[in-house]
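Inside the fold
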Amino acid sequence: MNNEIEPTKSFSYNTRYLDTDIVKKCFNPGSHNLVDKIICGNGFTFNFLKIPPSKKYQCNIIIVPNKRVVQSKQQSYNRDFSKNKALIGFIYGDDSTNRVDFNRFDTMMFVVDSFLNYIDVIKKNRNLVDKILIDECHSMLIQSTFRHKLVGFSKLIKETFPKKAIVSVTATPMLFQNANIKLLPTEIEQRTINVTENQESSLERIKKDLKDNKKVIVALHDARLLRKLTDAKNVLSANIKVGNTLYQKILENVILKLDENSNLTIISSAGFEGFDVCNGINNIYIFEDRAFDYQTFYTQNILQVLGRSRKGTNYIEWCRLSNRTRKALMSKKDMIKKSVSKKISFEKKMTDSKYSYIPKFFDKAMHKNFGLITRLELNHDKYDLEDEMIKTDLKGLSIYDEYLKERGFVIHQLNEGSKRITLRSPSHKKAFERVKENKAVLSRFKIFDDIRIDLYQKEKTEYYIKAYEVFLRRKYWYEDKMRFTLTENEYKYLPTDEANEMKGYKAIKNNDWIKQCVKYISAVTKAEAQKRYNRKGKEYAKWVADFEKNIEDRYIRLVMAIGQTKIRFPKKERNHRDFNLTTEISINILKDVCRKFNKNITEIDIVSCNMRIIYAFLGLKLPNYFYGINKINKIPINRLINKLSKEFPLEYKINVDEYKRNRIKEMRSFGFDERVISFLINTFWDKPKDAMYNFCAYHEKNICRKLMCDFIEYSERVILEDSSYRDEFKNTRYTRRHDSIIIFESPIMMNEVIENFEYLDQKNWFNNDKIEWLKWVEKRQNRENVAFQPTF
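Now for a quick tour of the structure. (Residues numbered from 1 in each chain as written. Predicted model: local features only at pLDDT ≥ 70, side-chain atom pairs only at ≥ 80, totals over all residues. Heavy atoms only, no water.)

On a plain count of helices and strands, the protein comes out with 32 helices and 23 strands. Since a compact globule built from 792 residues should have a radius of gyration of about 28 Å, the 30 Å found for the protein is in line with a globular shape. With the principal axes as the frame, the protein shows a C-alpha extent of 85 × 65 × 60 Å. In the protein, the share of contacts with a sequence separation of at least 24, taken over all contacts with a separation of at least 6, comes to 74%. Each charge class in the protein was averaged separately, 143 positive and 104 negative side chains, and the resulting centres sit 2 Å apart. (Helix = DSSP H or I, 4+ residues; strand = E, 2+ residues; numbered from the N terminus. Rg over C-alpha atoms; globule rule 2.2 N^0.38 Å. Contact = heavy atoms within 4.5 Å. Lys, Arg positive; Asp, Glu negative; His and termini not counted. Charge placed at Lys NZ, Arg CZ, Asp CG, Glu CD.)

Below, the structure is given as structure tokens:
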């Protein structure tokens, strides 16, 4: 937290667990204290649960980073507070959990996502809130790098509850976090962390420990390492506490015999916190390979692992393969200097590869009406997290010497040399067979219940084929034969959705077919583009270069996406636009691929989008036929409004005043309302040249989001009136494509929604008459547009 730095207070204690009085001292009304409790498992949260609210009508609140933590606390509570079960509520989003109830509970414990979902209700009842505890606050920071909801969470709490007693507590703060209070035990167990770079030696020691009947915790993110710990029949007997992705890979690598009483416990980052191993004293082994992001941890994560063995540890080993390719970060001073430079707009800095650190480390403030970025502010937490991660590789673990010493740890290098084991993933056949042998575990925990195809861009076609095969193998793990090995005669009898999956797979494997499709697509799409660009101009040349380089890759991903039962596209958000896959190909290509799969597709686009937004913003109605007959003036008008900035004449060394007069004259020649001309010149002339584009994109985003929400609400009403529509709507998906919305698999027309849609107090944003609602299969005989060939 970046609060004002105050002198650190210290509270000492000489017992194994804290007493309630010390915990009480950490809470001061109107203050947000960061408490470093030094050691894990000293009972801080347990004692907080014993503290009643200051007033009878109030309720204390605990916020934890993930569901596993709150579930663990709930289990402890059921065991230790069984006589007062009504006093504490556990709220983490599941149907079976409690609901917010200030009258019923003395304390409510939230997983952070649920707290944010209820925050409006809690704000309205501030007077009913007493003390607030943010547990495992280091984890909130770490996870904020990939969980957007957690960005600025500490600041949000402080600003929302300024008069409350707030404590953020952790035994493992980040190096840059300044604790207000430290809880110092008079005696700390001294432990050695043995560090090695030799995976082979670590695994041999684990095997020996297990053979000697010792209890072992292994923390890792690479399931392939577990094959080294199985018996002669490839069986691994273990207690497992890992996330779903790693669980899937474990079940494909080994035959798992789940045993909660096993001497071997396997955990991943999903079990680093909020999971206690209470089977006795454990030897702990941690495998980290910092060459891979998904296998890289903060040292704080490692210390949390050591706290999982609640009855203590006998031996600790950290197999740590460092990443020597990291580069030091640019200084904060230099980053801030570049962020405020006037060379390019704030929006451009969020997308320009030369400023890649801007979207990564800076938060943006936006004008609520114009959607333009008004300020970029360095997020110190994000920067400091990355800086600590990099320094851990560049300078080594020595940066933690004092930090570890304070917690009773010392690093001992085993100096066994570096040895990264060569590991291969199991073949499709072996993984398919192995999963069947794990049927009981897989079914019990529903490990393969929501399998999705990987649509992220890849370097080679064979990588897409492999991703498709993994998708089919996992989704249909229970069958006798792997889906992708079926012949056409075998899969043609499958239900339509499943047959489509196979069609998509066969299509991307047929290289000749892909080449033929791309050839036809190129000819048609270039002809379309030549209507928008000057054939001999730089814009067209740039478009052609990008198109020819990427069209095959985009077409393959499009076939994969449309072949899914539930069509999804990975987001690719930049400023106010989502440059997802649908924006990288023409609408005709998209419609044609949907036709190949007999998928229903509807496009709803904003009529005369940019000018309609500008007029509506001023409370004006855009005149009919504003772009002229057959929209002859659409392209020149859109080019004109995107050049209403003095940056253009300055860039091309043209007389600024003359350029301005000519643009005003040009707007008048196209029939612009004088109020619109004044607004455009007064608002955008002194702004960066992309300001008009970003202003329109902001409102375009709001229109599309609002319409999609209206569609969803309408479909829910339809389902309430006629439940038979529930199954028909289950595969309906909405995606934004710049100034239009694409609807896939809508079972009904929703003209009523479009007719009633309002934005900026204006209607008629969409041309209802031109929307094609009917399914492609119903229109096939009367289609005027010739589909790209060849077909499936």
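Bringing helix H8 (residues 199–211) into the picture now. Here H8 is 13 residues long and its end C-alpha atoms lie 18 Å apart, about the 18 Å a rise of 1.5 Å per residue gives. Within the span of H8, buried status applies to Gln199, Ser202, Leu203, Ile206 and Asp209. Seen from one end, H8 has its buried residues packed into an arc of 120 degrees, which puts them on one side. Opposite the buried face of H8, by more than 90 degrees, sit the exposed residues Lys208 and Lys211. In this fold, the buried residues of H8 make contact with strand S9 (191–196), strand S10 (215–219), strand S14 (282–289) and strand S15 (313–321). (Expected span 1.5 Å × (residues − 1). Buried < 20%, exposed > 50% of the residue type's maximum accessible area, 1.4 Å probe, protein only. Arc of directions from axis to C-beta.)

Spatial strand order, S21-S23-S22: three strands in an open sheet with antiparallel pairing. At either end of the open sheet lies a strand with only one pairing partner, and these are strand S21 (601–605) and strand S22 (733–737). Adjacent strand axes in the sheet meet at a mean angle of 20 degrees when their direction is disregarded. Where S21 lies against strand S23 (residues 740–744), five bridges are found, and the strand directions are antiparallel. Among the inter-strand pairings, threonine 602 is bridged to a residue of S23, identified as isoleucine 743. (Pairing = 2+ DSSP bridges. Axes fitted to C-alpha atoms, helices over the stretch in contact; angles between N-to-C directions.)

Below, the discussion takes up the packing of helix H22 (residues 538–562) against helix H23 (residues 587–596). The interhelical angle for the contact between H22 and H23, taken along N-to-C directions, is 45 degrees, at an axis separation of 10 Å. Here H23 runs oblique to H22, going by the angle between their axes. When you trace H22 past H23, the crossing you get is right-handed. Residues Tyr555, Leu558, Val559 and Ile562 of H22 form the contact with H23, whose participating residues are Ile589, Leu590, Asp592, Val593, Cys594 and Lys596. Class assignment of the residues belonging to the contact of H22 with H23 gives a composition of eight nonpolar, no polar and two charged. (Parallel < 35°, antiparallel > 145°, perpendicular 65-115°, else oblique. Left-handed = near helix turned anticlockwise from the far one by under 90°. Nonpolar A, V, L, I, M, F, W, Y, C, P; charged D, E, K, R; others polar.)

The next subject is a positive patch on the surface. Taken together, Lys333, Lys337, Lys338 and Lys343 make up a surface patch of like positive charges. Relative to the elements of secondary structure, lysine 338 occurs in helix H11 (residues 332–339). Note on lysine 338: relative accessible area 38%, which makes it partly exposed. (Patch = residues over 30% accessible without salt bridge, like charges linked within 9 Å, V, L, I, M, F, W, Y side chains within 5 Å. Areas by Shrake-Rupley, 256 points an atom, 1.4 Å probe, with all protein chains shown as cover. Salt bridge = Lys/Arg side-chain N within 4 Å of Asp/Glu carboxyl O.)

Now for helix H10 (residues 299–306). Counting buried residues in H10 gives eight out of eight residues, a clear majority hidden from the surface. Among the residues of H10, those classed as buried are Thr299, Gln300, Asn301, Ile302, Leu303, Gln304, Val305 and Leu306.

Before going further, it helps to spend a moment on unusual backbone geometry. Of note, tyrosine 625 is a non-glycine position whose phi angle comes to about 55 degrees, a positive value. With respect to the secondary-structure elements, tyrosine 625 resides in the loop between helix H24 (609–617) and helix H25 (634–641). A positive phi angle, near 60 degrees, is found at glutamate 745, a position not held by glycine. One can find glutamate 745 in the loop between S23 and helix H31 (751–756). By relative accessible area, glutamate 745 is classed as buried at 19%.

Moving on: the packing of aromatic side chains. On inspection of all chains with the given rule, the structure shows 36 aromatic pairs. With a centroid separation of 5.7 Å and 65 degrees between ring planes, the pair formed by tyrosine 615 and phenylalanine 626 is classed as edge-to-face. One end of the pair, tyrosine 615, is in helix H24; the other, phenylalanine 626, is in the loop between H24 and H25, and 11 residues separate them in sequence. Counting every residue linked through ring pairs, the aromatic cluster contains Phe370, Phe617, Phe679, Phe684 and Phe695. Lying across the ring of tyrosine 659, arginine 663 places its NZ or CZ 4.6 Å from the centre. (Phe/Tyr/Trp six-rings, centres within 6.5 Å; stacked < 30°, edge-to-face > 60°. Lys NZ or Arg CZ within 6 Å of the ring centre and 35° of its normal.)

Turning our eyes to something else, we now look at the packing of H24 against helix H29 (residues 691–721). In contact at an axis separation of 10 Å, H24 and H29 are set at 85 degrees when each is read in the N-to-C sense. As judged from the angle between their axes, H24 and H29 are roughly perpendicular. The residues of H29 that touch H24, namely those facing Cys609, Asn610, Ile613, Ile614 and Phe617, are Met692, Phe695, Cys696, His699, Glu700 and Ile703. Among the residues forming the contact of H24 with H29, the class breakdown is eight nonpolar, two polar and one charged.

Right, let's get into the side chain of glutamate 317. With respect to the helices and strands, glutamate 317 occurs in strand S15. Apart from residues lying up to four places away in sequence, glutamate 317 is in contact with Asn194, Thr196, Ser202, Arg205, Ile284, Tyr285, Ile286 and Leu414.

Two faces belong to every sheet, and in a regular strand the side chains alternate between them. The buried fraction of S23 is high, at five of five residues. Residue alternation in S23 divides its side chains into two sets, Ser740, Ile742 and Phe744 and Ile741 and Ile743, and both sets are buried. With five bridges connecting them, S22 and S23 associate as antiparallel partners. Paired with arginine 733 across the two strands is phenylalanine 744, which belongs to S23.

Here the focus is the environment of serine 322. By the secondary structure assignment, serine 322 is in the loop between S15 and H11. Given the relative accessible area of 16%, serine 322 is considered buried. In the structure, serine 322 is positioned 30 residues away from phenylalanine 292 in sequence and 9.9 Å away in space, judged by C-alpha atoms. Contact partners of serine 322, with chain neighbours within four places excluded, come to Arg290 and Asp393.

This paragraph deals with the side chain of lysine 37. When you line up the elements, lysine 37 lands in the loop between strand S2 (32–36) and helix H2 (44–48). Although buried, lysine 37 forms no salt bridge, and the nearest oppositely charged side chain, aspartate 135, lies 4.8 Å from it. Excluding anything up to four places from it in sequence, lysine 37 contacts Tyr13, Asn42, Phe44, Val169, Thr170, Ala171 and Leu183.

To continue, consider the sheet that holds strand S8 (residues 181–185). Adjacent strands of a sheet pair through backbone hydrogen bonds, lying either parallel or antiparallel. Spatial strand order, S1-S8-S2-S7-S6-S3-S5-S4: eight strands in an open sheet with parallel pairing. Since the sheet does not close on itself, it has two edges, and those belong to strand S1 (9–13) and strand S4 (88–91), each with one partner. Strand-to-strand twist across the sheet, computed as the mean angle between neighbouring axes with direction ignored, equals 20 degrees. Direction of pairing for S2 relative to S8: parallel, over a ladder of two bridges.

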